[in-house]
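Residues per chain, in single letters:
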Amino acid sequence: MFEILEKTMLNPTIAKIVIKAPRIAKAALPGQFLIIRDDEQGERIPLTISDSDPVKGTVTVVIQLIGASSHKMVEQFEAGDSYANVVGPLGNPSDFVHMSPEELKEHRYVFIAGGLGTAPVYPQAKWLYEHGVAVDVIIGARMKELLIYTEELASVCDNLYLCTDDGSVGFKGVGTAKLEALAAEGKKYTRCVAIGPMIMMKFASLTCQKLNIPIMVSMNSLMVDGTGMCGACRVSVGGQTKFSCVDGPEFDGALIDWDEAMRRSRQYQPEEAASMERYGK
Amino acid sequence: MANKIPRVPVREQDPKVRARNFEEVSYGYNKEEAMLEASRCLNCKKPLCVTGCPVNIQIPDFITRVAEGDFDAAAAVIAKDNSLPAVCGRVCPQETQCEGKCVLGIKGEPVAIGKLERFVADYQYSKKEGATMPEIAAPNGHKVAVIGSGPAGLACASDLAKWGYKVHVFEALHKAGGVLVYGIPEFRLPKDKVLQKEIDEVTKLGVTIETDVIIGRTTDIDTLIDKEGYEAVFVGTGAGLPRFMNIPGENLNGVFSANEFLTRNNLMKAFDPEYMTPIRAGKKACIVGGGNVAMDAARTALRLGADSTIVYRRSEEELPARKEEVHHAKEEGIHFELLTNPVEILGDENGCVKGMKCIRMKLGEPDESGRCRPVEIPGSEFVIDCDTVIMSIGTSPNPLIATTTRGLESNKRGCIVADEHGATTREEIFAGGDAVTGAATVILAMGAGRKAAKAIDEYIKSK
């Protein structure tokens, strides 16, 4: 059993959850994910790690209320309750954790974060910032009220740019448009990392290809075990089939077959809709 | 001398009924049936059946006790060599092992050794006071880690615990059992009624099983040895990675690995509406492959409401699945497209499977496996309409352990290099089961686990 130490709603549909999981907290590196199964009947849900504290033995994830399982995980569990299973860290860490200090110094990173994907940008930006790498972060949301992790991210980057579709705060438009604007102003980036909805990561990849910036994206594919066993998370990268869980979750965004990836993410849509109905939503 | 009693048939669920439920197919013997069947054993002086058993259960000895009605004594005989008798009695390929060597099989039907083993185990678990405990040596103060709680790991852990070792098993999934829990369906191996009880017996020996720990991610073998005080490690991580055919259309929606399909159904219990994990068998499912896993997937798809067809590139003779499984599948109404191989999976405008283009095959010269090589018949392509394709063409070991452990060698196929005693290229690390051999059977993995336990015992004592 894994105790929930803290549950906070960051906006009406996104919850931040801090869990006691000492082994995972000790091992977690930026870019990795974990899997939670809330109770005996629960699904195994993959979630990218948003923070970890090896001293306190805690890991943080954010969960968006989308399907029956995510609603149940958030609505039926409070601080003090426990999830049946939390396993990880899964997947490979972001490639920069293996870079030499000399190589790191060469880089200027820009992150494009969208929606739920904003939270897992935090451990990456933090790691780079603490290693003296120049980091800018662009966060996008539909409106001001939906932005999350702005304070946390502001503390671990050189420049934080907020974007809203309705212009209620910051730049009016999507994150990729902001990146284009920054590039037009003469900002130079050597690497981009985009984390968010697949459609956002697709367009971020197209924009980066246009701007000639190498881009990594974090694939939030469907999966069951997360250890390479099921193959549900198959993604075509440069014409080759990869498993997000063991080969990823981060891949070169320019090489991903996005239309296939988006279609595969809808694989169980009818079953999920039926499940929502049973859950009473 | 000639044995006049015919092999006692085992009662089974009606095929029409069981094709719609997940209850166990075979009911097993009752006391009278077991004693009658046991009386058929000739109690050979040189029992060939024992040599056919990968863990060398003293078969005539336990069968004699069954014939006498002393079922506890029979259980004690089995327990000396096998920690999972209820599992093995159900899933072992007895026809090619113990029963395949039975002298009675030459002119008639061999003794139903598997069914008798199952009876003895089930009888133990049905007793109010619980199963009789085997002898356990006093704690010897040595700590051993076992990676993976499948058949190899459980067999290794059981033996070591009986000899006084403190054994800690690390399991990546949330339930212990490995392939027994994620791979083999409820209708062949009931999970709560049978498997869990058998795993409980292992923990009663003093074995600790910690789930949700992925060795190579959560922690690693070097940390276990250097910092957590384990003197030896047994790697029994199985062969968990699914293979695909690399044909066009394999990433369409509706194409699943058998691992995914079966894990959703067995481990995640997707067949039960109380459980949240989704599964889809569709209206018409094609299962590619001819092994036990393919039969399990086909029969699971059938039970979930799909019309279910096995597509296999060789003929019935070469089906790697157990005869009993093929027989059960046919009884239940599974179709077989034999000497047929998929060449492309066809999708509709939404990227969902709508059919599978196949080609007819004929058998050519035997290949290195000794089986006839299937050869395509030019121009024989045809399309099978289906909305689900389940790839069941084998699995390979997960490279995670090999890539995260200093000095542990694996071969080109990703299998950990180990000798017949389980010794690897690292003196304190042992390995066995599918992680070493590639996908094989439950009982071979258990045999490898037991051999490694012996080697670990010798290694630690010699230090």
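### Observations concerning the overall build of chain B
Phase 1 of the analysis: When you go through chain B residue by residue, the secondary structure sums to 19 helices and 16 strands.
Phase 2 of the analysis: Against the globule reference of 23 Å for 463 residues, chain B gives a C-alpha radius of gyration of 23 Å, in line with a compact fold.
Phase 3 of the analysis: With the C-alpha coordinates aligned to their principal axes, the bounding extent of chain B is approximately 65 × 60 × 50 Å.
Phase 4 of the analysis: Counting only residues that meet the buried cut, chain B has 54% of its 463 residues in that class.
Phase 5 of the analysis: Partitioning the intrachain contacts of chain B with sequence separation of at least 6 by distance along the chain shows that 69% fall at a separation of at least 24.

### Some remarks on the interface of chain A and chain B
How big an interface is tends to be stated in terms of the accessible area lost upon association of its parts.
Phase 1 of the analysis: With 35 residues of chain A in contact, the opposing surface of chain B contributes 29 residues.
Phase 2 of the analysis: Put simply, the parts of the chain that give the side of chain A that touches chain B at least two residues each are α1 (22-27), α2 (68-75), β7 (85-90), β14 (234-237), α9 (258-265) and α10 (269-279) of chain A.
Phase 3 of the analysis: The element that contributes the greatest number of residues to the side of chain A that touches chain B is β7 of chain A, accounting for six residues.
Phase 4 of the analysis: Its residues placed into classes, the side of chain A that touches chain B shows 13 nonpolar, 12 polar and 10 charged.

### Here's the deal with the nonpolar core
Phase 1 of the analysis: Counting 222 residues, the largest nonpolar core has Leu 34 of chain A together with Val 120, Phe 234, Ile 287 and Ile 390 of chain B as the members making the most contacts within it.
Phase 2 of the analysis: Sequence-distant contacts of Ile 390 of chain B, that is, excluding residues within four places in its chain, are made with Phe 256, Ala 258, Phe 261, Ala 285, Ile 287, Val 288, Ala 297 and Ala 301 of chain B.

### Quick word on the packing of helix α5 (residues 71-79) of chain B against helix α9 (residues 113-126) of chain B
All names here are of chain B.
Phase 1 of the analysis: α9 packs onto α5 with a crossing angle of 110 degrees between their chain directions and a minimal axis gap of 9 Å. As summarised for this structure, α5 and α9 are arranged roughly perpendicular, according to the angle between their axes. The crossing of α5 and α9 is left-handed. Every residue of α9 that contacts α5 at Phe 71, Ala 74, Ala 75 and Ile 78 is listed here: Glu 117, Val 120, Tyr 123 and Gln 124.
Phase 2 of the analysis: In terms of residue class, the contact of α5 with α9 is made up of six nonpolar, one polar and one charged.

### Some thoughts on helix α12 (residues 191-204) of chain B
Residues and elements named next belong to chain B.
Phase 1 of the analysis: Compared with an ideal rise of 1.5 Å per residue, which puts 14 residues at 20 Å, α12 spans 18 Å between its outermost C-alpha atoms and is within 8% of the ideal.
Phase 2 of the analysis: At Lys 197, α12 shows its largest bend, some 25 degrees.
Phase 3 of the analysis: Within the sequence span of α12, burial applies to Lys 191, Val 194, Leu 195, Glu 198, Ile 199, Glu 201 and Val 202.
Phase 4 of the analysis: Buried residues belonging to α12 abut α6 (85-91), α10 (151-162) and α11 (179-182).
Phase 5 of the analysis: Looking one or two residues past α12, Gly 206 carries a phi angle of roughly 105 degrees, positive in sign.

### Regarding the sheet that holds strand β9 (residues 134-141) of chain A
Residue and element names in this part refer to chain A.
Phase 1 of the analysis: The strand order across the open sheet built from seven strands is β11-β10-β9-β8-β12-β13-β16, with neighbouring strands paired in mixed fashion. Sheet topology places β11 (171-172) and β16 (250-252) at the edges, where each strand pairs with a single neighbour.
Phase 2 of the analysis: In terms of strand pairing, strand β13 (residues 215-218) meets β16 through three bridges, oriented antiparallel. Bridging across to β16, Val 217 finds its partner in Phe 251.
Phase 3 of the analysis: Taken strand by strand, helix α6 (residues 175-184) contacts β8 (108-114), β9, β10 (159-164) and β11, and its axis lies near 155 degrees from that of β8.

Scoring rules and cut-offs
- Residue positions are counted from 1 within each chain, in the order its sequence is given.
- As they are written, the chains are lettered A onward and the ligands numbered 1 onward, keeping that order.
- Restriction of local features to residues with pLDDT of at least 70 applies here, the model being predicted, together with a cutoff of 80 or more for giving and counting side-chain atom pairs; totals for whole chains, interfaces and linings are based on all residues.
- Each helix corresponds to a stretch of at least 4 residues labelled H or I by DSSP, and each strand to a stretch of at least 2 residues labelled E; elements are numbered beginning at the N terminus.
- Each radius of gyration is computed over the set of C-alpha atoms, and the globule rule expresses the reference value as 2.2 Å times the number of residues to the power 0.38.
- Buried residues are those with 20 or more other C-beta atoms within 10 Å of their own C-beta, exposed residues have 12 or fewer, and partly exposed residues lie in between; C-beta atoms are placed from the backbone.
- In this description, a residue-residue contact is defined by the distance between C-beta atoms placed from the backbone, which must lie within 7 Å.
- Under the scheme applied here, ten amino acids are nonpolar (Ala, Val, Leu, Ile, Met, Phe, Trp, Tyr, Cys and Pro), four are charged (Asp, Glu, Lys and Arg), and all others, including Gly, are polar.
- Think of a nonpolar core as buried Ala, Val, Leu, Ile, Met, Phe, Trp, Tyr and Cys residues, each tied to the set through C-beta atoms within 7 Å.
- Fitted lines through C-alpha atoms give the axes, limited to the stretch in contact for helices. The angle between two N-to-C directions lies from 0 to 180 degrees.
- Throughout, the term roughly parallel applies to angles under 35 degrees, roughly antiparallel to angles over 145, roughly perpendicular to angles from 65 to 115, and oblique to all others.
- A crossing counts as left-handed when the near helix is turned anticlockwise from the far one by less than a right angle, and as right-handed when that turn is clockwise.
- What a helix should span is 1.5 Å times the count of its residues minus one.
- We define the bend at each residue as the angle formed by axes fitted to the 7 residues ending at it and the 7 residues starting at it.
- Only when DSSP finds a minimum of two bridges between them are two strands counted as paired.

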